[in-house]
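Commentary on secondary and tertiary structure
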Amino acid sequence: MEHPITQTAGAAEPLTGHASPASQPNEAPHSGDGVSKDTRRRVITASFIGNFVEWFDYAVYGYLAGIISTVFFPEADRQTALLATFGVFAISFFVRPLGGFFWGHIGDRLGRRKALSLSIVIMSVATFCIALIPGYGTIGVLAPVLLLLVRVVQGFSASGEYAGASAFLVEYAPAHRRGLYAAVVPASTAAGLLLGSLLAALLTATLSESQLHDWGWRLPFLLAAPMGLIGRYIRTKLEDTPAFRALSQEEHGKAPARDMFRNNRRQLIIATGAVLLNAVGFYVILSYMPTYLAEELGFGAGESFLATTIALASYIGFIFLTGIASDRFGRKRMLITASVLFMLLTVPAFMLLDTGNFLVIVLVQILLGGMLTLNDGTLPSFLAELFPTKTRYSGFAVSFNLSNALFGGTAPFMATLLIGLTHNKLAPGWYLVAASLVSLIAVLFAVETSKKPLQQH
């Protein structure tokens, strides 16, 4: 196995102050680049768990939005309460670009591990706090205010997670398997959504409506704290990546964001546009869909959750195949294929959702999820390879979070709003088509990165 950055364990010691994991005793045998298989396994686990916790929270919030809306906005009519609930969801995303700069600075200046170890603690505590907020009936208007505040903190802390985990994996991966390794990140997000979907389905199936509204919806959020602590423990036991440690102290710039805007403006614009399909598609297809099926198409909550759960399980399987394919065929080809398929098939797929046939709905969701994996399974390695090591975390985090703040977090809100304004249930599908077009244009201007060494400077 080869690594794009070839160095010995001893070369890293002056930068870290102690031996790298590759030089520690009792490790598994090393691969050809000096990184042990055991180290890579722990890197994969550490990268997986943070995104898992983050998207588990988003899943629970999205899947239980109907219940949460009545707890925090009980005096509004049904659609207004849903809009308010998704509005809180969207506003929490507006701090993500700021968080991208913050975590990007820490990750490029002080190290990927330091940023990831700190962000997972803040994120887990904020998620846990959602379970503790009293409802509107207890503390009045302070309830939605506290909900908004906690979600803003959660959004800020989570803004470095996806980018940091992707950079971590790509910089530790063998050169010819960076796409496969980076696919762990979207797989972890889907796994978090899957667990959220399963818990939401279990709660709705076993608890009465009054129990769900009184305390049942809080239970999933309580799980965030122990999961986050486990993730932090694993991360603190790892060294930083070989690519980051290969930089000299002088190359760890004091202002990575300034260097990014000075030297990587073109990459930043391309990356922000390329993320758009992921931003809209992920939240519409994998988070908003149960609400869409239940609120707009009249399906029962149990059926909606079951259909989405099946689609999520297939998504996780497809995502690794996409990672392998992107290593073989290239990042651009995969991303272009995803955009074209969404432009051609999204609206017909949404038409089929309205047939009322459960089997058809499941198959359509599997199709949409499979199409999305062509983008999602390729995007982490594409973005990480687009930027040099000294600004990789910042470039990835800023572009990813800017696009998600403007179009991802707002996707459930926009889908609900567009349906209300147009009285057309296909509006979310057309919104996805528009996002696909923008992503296609951005990717066409990119260069292929899959079979090249990682840029250092």
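Residues numbered from 1 in each chain as written. Predicted model: local features only at pLDDT ≥ 70, side-chain atom pairs only at ≥ 80, totals over all residues. Heavy atoms only, no water.

**A closer look at the overall build of the chain**
Regarding its fold elements, the chain presents 25 helices and 0 strands. The buried share of the chain, reckoned over its 457 residues, is 61%. Pairs at least 24 apart in sequence give 85% of the contacts found in the chain among residues at least 6 apart. (Helix = DSSP H or I, 4+ residues; strand = E, 2+ residues; numbered from the N terminus. Buried < 20%, exposed > 50% of the residue type's maximum accessible area, 1.4 Å probe, protein only. Contact = heavy atoms within 4.5 Å.)

**Considering the packing of aromatic side chains**
Scanning the model with the defined rule gives 13 aromatic pairs in all. Ring plane angle 85° and centroid distance 4.9 Å describe the contact between phenylalanine 102 and tryptophan 103, whose orientation is recorded as edge-to-face. Residue classification places tryptophan 103 among the buried positions, given a relative accessible area of 0%. Grouped by ring-pair contacts, the aromatic residues Phe72, Trp217 and Phe221 constitute a single cluster. (Phe/Tyr/Trp six-rings, centres within 6.5 Å; stacked < 30°, edge-to-face > 60°.)

**Details of helix α17 (residues 265-274)**
Counting buried residues along α17, 7 of its 10 residues qualify, which places the element largely inside the surrounding structure. Along α17, the residues classified as buried are Gln267, Leu268, Ile270, Ala271, Thr272, Gly273 and Ala274. Buried residues belonging to α17 abut α16 (256-263), α18 (276-296), α21 (358-376), α22 (379-386), α23 (392-408) and α25 (427-444).

**Things to note about the pattern of salt bridges**
Pairing between side chains of opposite charge can happen when the charged atoms of each approach one another. Scanning the entire structure with this criterion turns up 10 salt bridges. For the salt bridge of arginine 392 with glutamate 171, the shortest nitrogen-to-oxygen distance reads 2.6 Å. Here arginine 392 is found in helix α23, whereas its partner glutamate 171 is found in helix α9 (residues 161-172), with 221 residues between them in sequence. Take glutamate 171: its relative accessible area is 0%, and that puts it in the buried class. (Salt bridge = Lys/Arg side-chain N within 4 Å of Asp/Glu carboxyl O.)

**Examining helix α6 (residues 112-130)**
Along an α-helix, residues three or four apart share an orientation, since each turn contains 3.6 residues. With 19 residues, α6 extends 28 Å between its outermost C-alpha atoms, agreeing within 8% with the 27 Å of an ideal straight helix rising 1.5 Å per residue. By the burial criterion, the buried members of α6 are Arg112, Ala115, Leu116, Ser117, Ser119, Ile120, Met123, Ser124, Ala126, Thr127 and Ile130. (Expected span 1.5 Å × (residues − 1).)

**So, unusual backbone geometry**
We note that histidine 423 has phi near 55°; this positive angle belongs to a residue other than glycine. Mapped onto the elements, histidine 423 comes out in the loop between α24 (411-422) and α25.

**Focus: the nonpolar core**
Residues Phe72, Trp217, Tyr292, Phe350, Leu353, Leu368 and Phe382 are the most contacted members of the largest nonpolar core, which totals 134 residues. Counting residues per element, this core draws most heavily on α18, which supplies 13 residues. With sequence-adjacent residues up to four places away left out, tryptophan 217 is seen in contact with Leu64, Ile67, Ile68, Val71, Phe72, Ile130 and Leu212. (Core = buried A, V, L, I, M, F, W, Y, C linked by side-chain atoms within 4.5 Å.)

**Concerning the confidence of the model for the chain**
Averaged over all residues, the pLDDT of the chain is 83; the fraction at 70 or higher stands at 89%. Per-element mean pLDDT across the chain ranges from 35 in helix α1 (residues 9-16) up to 96 in α22. Counted against residues more than four places away or in other chains, residues 1-32, with its pLDDT under 50, gives 76 contacts. (pLDDT = per-residue confidence, 0-100.)

**Here's the deal with the side chain of asparagine 404**
Among the structural elements, asparagine 404 can be located in helix α23. Take asparagine 404: its relative accessible area is 1%, and that puts it in the buried class. Of note is the side chain of asparagine 404, whose polar atom sits 2.8 Å from the backbone oxygen of phenylalanine 400. Beyond its immediate stretch of four places on either side in the chain, asparagine 404 contacts Phe93, Val275, Asn278, Ala279, Tyr283 and Gly409. (Polar contact = N/O pair within 3.5 Å; in protein donor to acceptor, adjacent residues only side chain to side chain.)

**With respect to a nonpolar patch on the surface**
There is a patch of nonpolar side chains on the surface, built from Val340, Met343, Leu344, Leu345, Leu367, Leu437, Ile441, Leu444 and Phe445 and spanning about 790 Å² of accessible area. Mapped by element, the contributors of at least two residues to the nonpolar patch are α20 (331-353) and α25. Ranked by residue count, the leading element in the nonpolar patch is α20, at 4 residues. Locating methionine 343 in the fold gives a position in helix α20. Relative accessible area serves as the criterion here: at 30%, methionine 343 is assigned to the partly exposed category. (Patch = residues over 30% accessible without salt bridge, like charges linked within 9 Å, V, L, I, M, F, W, Y side chains within 5 Å. Areas by Shrake-Rupley, 256 points an atom, 1.4 Å probe, with all protein chains shown as cover.)

**A word on the packing of α18 against α25**
Axis separation between α18 and α25 bottoms out at 8 Å; the angle between their running directions is 165°. As summarised for this structure, α18 and α25 are arranged roughly antiparallel, according to the angle between their axes. Relative to α25, α18 is oriented so that their crossing is left-handed. Side by side, α18 and α25 meet where Leu276, Leu277, Val280, Gly281, Val284, Ile285, Tyr288 and Tyr292 of the first sit next to Pro428, Tyr431, Leu432, Ala435, Ser436, Val438 and Ser439 of the second. Of the residues belonging to the contact of α18 with α25, the class tally is 12 nonpolar, 3 polar and no charged. (Axes fitted to C-alpha atoms, helices over the stretch in contact; angles between N-to-C directions. Parallel < 35°, antiparallel > 145°, perpendicular 65-115°, else oblique. Left-handed = near helix turned anticlockwise from the far one by under 90°. Nonpolar A, V, L, I, M, F, W, Y, C, P; charged D, E, K, R; others polar.)

**Focus: the environment of glycine 66**
With respect to the element layout, glycine 66 can be found in helix α3 (residues 65-72). Glycine 66 sits 228 residues away from alanine 294 along the chain, and the two C-alpha atoms are 9.4 Å apart.

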